[in-house]
2 protein chains.
Amino acid sequence: MGEFELIRQFFMPLARLHGPHSIIVGPGDDCAIQRVPSGSDLVFSLDTLVEGVHFPFHYRPDYLGWRALAVATSDLAAMGADPTSYTLALTLPEADESWLRGFACGLGKAADAFGLVLAGGDTTRGPLALSLQVHGLIPRGAAILRSGARPGDLVAVSGTLGDAGAALDYLGAQACSDPQSFSADEAFVLKRYHHPEPRLELGAGLRGLATAAIDISDGLLADLSHILEASSVGANIEVARIPVSAALKRLKGTGARDYALHSGDDYELCVTIPEANWTGAPPSLKQQFTVIGVIEEAPGLRLDGAAVVSESDTLGFDHFRRKS
Amino acid sequence: MGEFELIRQFFMPLARLHGPHSIIVGPGDDCAIQRVPSGSDLVFSLDTLVEGVHFPFHYRPDYLGWRALAVATSDLAAMGADPTSYTLALTLPEADESWLRGFACGLGKAADAFGLVLAGGDTTRGPLALSLQVHGLIPRGAAILRSGARPGDLVAVSGTLGDAGAALDYLGAQACSDPQSFSADEAFVLKRYHHPEPRLELGAGLRGLATAAIDISDGLLADLSHILEASSVGANIEVARIPVSAALKRLKGTGARDYALHSGDDYELCVTIPEANWTGAPPSLKQQFTVIGVIEEAPGLRLDGAAVVSESDTLGFDHFRRKS
């Protein structure tokens, strides 16, 4: 199958424009064109996933399609933006139709779920990797940056943390096991890894309320540290308050805490919010978050008052340090 | 060197915003933010380059930086857009400082030359490859698409064709030769390959004049065919009119014609333009183009009246057909 036929069969259907949208020209020309409404800013983020680094070798292509787009879209959620379109740079060792069908299926399901339309891309031959750029819109000046946290703001996280990190322990076994051979708890954390759901509604709901936000891709400590550095503040976290799923507690016992602190891939949000805004926030929003600490003037990150000093405690996932 | 240090040292300087620009938030947050002026549309294109496929193994990193951004920016020229920003997804086997310094230098020179600022990106570990997305602005409705060619329009190309394709014959020798060992003609075509210059001024000058445009990345026949298909028209090309450099003629003799017809990598523009618009176009624009044929109602591409029938004659470069 040639490149053009491959694009026509598997990717052009993902560019079909349902309902109102801001893509004036989609794939098939030299460039795509997006019309940004006046009063809105364009928000965008580019992510790369490489086989063997960001996802396992021989990873299910439909899972990959979903996960890749979810990971990229999570950055839009962390800004409070509404998704509009995405571009895909797909590098493949060969044009394997069965693989492409699965990949396009997972990608399409994710795009429909998140409100994204394929606007353009590039397919090339090489080691399996993909780069996705997602585009969103946000009312001018309403983006939630990393740099707005102020002393006294509460630190809150959505959902539960550590599940997807724990799933890494079962991915290897999953490759040669029957799905039924996993316990319900194992299946739960595996789903958290394979099927992340960007917190788009939560991010949009936080506009005008949160002072800073980030999505947790590298681990709570690493990602919260990015907020602290960008905002020139510190924080104290009460470890016992960090939300951990019952499944993770049963699977990892007292080790669950370490997963919640250090492991990424959950794509929950970590936000800072002034106490008055928290008190006045809609209950439906508040019940999706857990307050775990407070922003302080003194720089640095503290756990129950004790400074986090070791670099390995804070850094989470760094592609050029990791032993692969 | 860690990922964050690598980004800080080599890429943050490329995000320094000189003078007026539309990037509100650059690298370092979850997303970048671009403010699109009302009355303008956002135009964007994503390109991937893989080592060993789109550029030779052990290719000079400063050449790669320039060439990668030039190739991507050429798509903006083909729409008639003004460049604004770009994102970079860089996948590297290791954080080699000397390589990164060279790459960032070439990339920065190209960005300055084209008027682009780095808005964001991602660095990952893996086989050497990069994806670049370029963003530009164009007055609403002024983009030059592939689909506007009409019977009677003239077909014109900028510059000379085939030079960069001929350079491929000398790239291997260049890896272990002194620069002085190349003849002036060989050095000329090598520069055309290493240092393409997107025809941004020509593209912008064609707004309101050209009915269709494409940049020649895959070869004249292949790329003109894209215009013909998108516009549902045909064309006749007078082969003797195709502009070929004196250097290419001396190097390849009668074979120069085949390079001009089939080889890509020159990143010149191929445009269609109604005769009245051509007549009335500014002389400074006209002298950059050569009229090589005419758009006809009958579908298909003809060379001196003879139909091009063989698929291999028209397809140019297709990543999933090519024997690599």
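Treat the numbers as computed from the prediction; the structure is a model and nothing was measured. (Residues numbered from 1 in each chain as written. Chains lettered and ligands numbered in written order. Predicted model: local features only at pLDDT ≥ 70, side-chain atom pairs only at ≥ 80, totals over all residues.)

## Quick look at the overall build of chain A
When its secondary structure is counted, chain A shows twelve helices and 13 strands. In terms of C-alpha radius of gyration, chain A reaches 20 Å, essentially the compact-globule figure of 20 Å for 324 residues. Residues counted as buried form 53% of the 324 residues belonging to chain A. Long-range pairs, those at least 24 residues apart, make up 88% of the contacts in chain A between residues at least 6 apart in sequence. (Helix = DSSP H or I, 4+ residues; strand = E, 2+ residues; numbered from the N terminus. Rg over C-alpha atoms; globule rule 2.2 N^0.38 Å. Buried ≥ 20, exposed ≤ 12 C-beta atoms within 10 Å, placed from the backbone. Contact = placed C-beta atoms within 7 Å.)

## Comments concerning the nonpolar core
Ranked by internal contacts, the top residues of the largest apolar core, which has 196 residues, are A:Leu69 and B:Leu69. Dropping the residues within four chain positions of it, A:Leu69 is found in contact with A:Tyr86, A:Leu107, A:Ala110, A:Ala111, A:Phe114 and A:Leu132. (Core = buried A, V, L, I, M, F, W, Y, C linked by C-beta atoms within 7 Å.)

## With respect to the relation of the copies chain A and chain B
Placing chain A over chain B gives an RMSD of 0.0 Å and needs a rotation angle of 180 degrees, together with 0.0 Å of translation along the axis. One copy is carried onto the other by what is essentially a two-fold rotation axis. Among all residues of chain A, the minimum C-alpha distance to the rotation axis is found for A:Ser38, at 2.7 Å. By residue overlap, the copies meet face to face through one surface: 100% of the interface positions of chain A are interface positions in chain B. (Least-squares fit on C-alpha atoms with pLDDT ≥ 70 in both.)

## Focus on helix H2 (residues 61-79) of chain B
The end-to-end C-alpha distance of H2(B), which contains 19 residues, comes to 28 Å, matching closely the 27 Å that a straight helix rising 1.5 Å per residue would cover. Residue B:Gly80 follows H2(B) closely and has a positive phi angle near 85 degrees. (Expected span 1.5 Å × (residues − 1).)

## Some words on the interface of chain A and chain B
Contacts between the two partners involve 56 residues from chain A, matched on the other side by 56 residues from chain B. With nine residues, strand E3 (residues 40-50) of chain A is the largest single contributor of residues to the side of chain A that touches chain B. Looking at the side of chain A that touches chain B residue by residue, the classes come out as 27 nonpolar, 16 polar and 13 charged. As judged from the three bridges shared by E3(A) and strand E2 (residues 32-34) of chain B, these two strands associate in the antiparallel manner. Its bridge partner lying in E2(B), A:Phe44 is registered against B:Ala32. (Nonpolar A, V, L, I, M, F, W, Y, C, P; charged D, E, K, R; others polar. Pairing = 2+ DSSP bridges.)

## Digging into the sheet that holds strand E8 (residues 212-215) of chain B
Residue and element names in this part refer to chain B. Across the sheet, seven strands lie side by side as E8-E10-E7-E11-E9-E12-E13; this open sheet has mixed pairing. What marks the edges here is a single partner per strand, and that holds for E8 and strand E13 (306-307). Across four bridges, the pairing between strand E9 (residues 234-237) and strand E12 (residues 300-303) is parallel. In the strand pairing of E12, Ala235 is matched with Leu301. Against the sheet, H2 makes contact with E8 and strand E10 (269-273), and its axis sits at roughly 170 degrees relative to E8, the strand it touches most. Helix H7 (residues 220-231) contacts strand E7 (154-158), E8, E9, E10 and E12 of the sheet and is inclined by roughly 150 degrees relative to E8. (Axes fitted to C-alpha atoms, helices over the stretch in contact; angles between N-to-C directions.)

## Comments concerning the sheet that holds E2(B)
Strand order in the open sheet formed by six strands is E5(A)-E4(A)-E6(A)-E3(A)-E2(B)-E1(B), and the pairing between neighbours is mixed. Edge positions in the open sheet fall to strand E5 (117-125) of chain A together with strand E1 (23-25) of chain B, since each of these has one partner strand only. Here the average twist between neighbouring strands, direction ignored, is 25 degrees. Direction of pairing for strand E4 (residues 82-92) of chain A relative to E5(A): parallel, over a ladder of eight bridges. Its bridge partner being in E5(A), A:Thr91 is matched across the sheet by A:Thr124. Lying on the sheet, helix H2 (residues 61-79) of chain A is in contact with E3, E4 and strand E6 (129-139) of chain A; it crosses E6(A) at an angle near 25 degrees.

## Observations regarding the environment of B:Ala247
Residue and element names in this part refer to chain B. Relative to the assigned elements, Ala247 resides in helix H8 (residues 246-252). The sequence separation of Ala247 and Ala184 amounts to 63 residues, and the corresponding C-alpha distance is 8.2 Å. The residues touching Ala247, leaving out its near neighbours within four places in the chain, are Asp185, Phe188 and Val189.

## Re the pairing of E12(B)
All names here are of chain B. The pairing of E12 with E13 spans two bridges and is classified as antiparallel. Directly across from Arg302, in E13, lies its bridge partner Ala307. Where E12 folds back on E13, the antiparallel hairpin that results is connected by two residues, among which Asp304 adopts a positive phi of roughly 50 degrees.

## Looking at unusual backbone geometry
We note that A:Tyr267 has phi near 60 degrees; this positive angle belongs to a residue other than glycine. In this fold, A:Tyr267 is placed in the loop between helix H9 (256-262) and strand E10 (269-273). When the 24 C-beta atoms within 10 Å are taken as the criterion, A:Tyr267 is described as buried. The phi torsion at B:Ser232 lies on the positive side, around 55 degrees, for a residue other than glycine. Topologically, B:Ser232 is positioned in the loop between H7 and E9.

## Focus: the domain arrangement of chain A
Residues and elements named next belong to chain A. Parsing chain A into structural domains produces domain 1 (3-139) and domain 2 (154-314). Facing the 18 residues of domain 1 at the interface are 20 residues of domain 2. When residues of the side of domain 1 that touches domain 2 are traced back to their parent elements, those giving at least two are H2 and E4. Here the element with the most residues in the side of domain 1 that touches domain 2 is H2; it accounts for twelve residues. Looking at side-chain class alone, the side of domain 1 that touches domain 2 contains eleven nonpolar, four polar and three charged residues. (Domains from an automatic or database assignment.)

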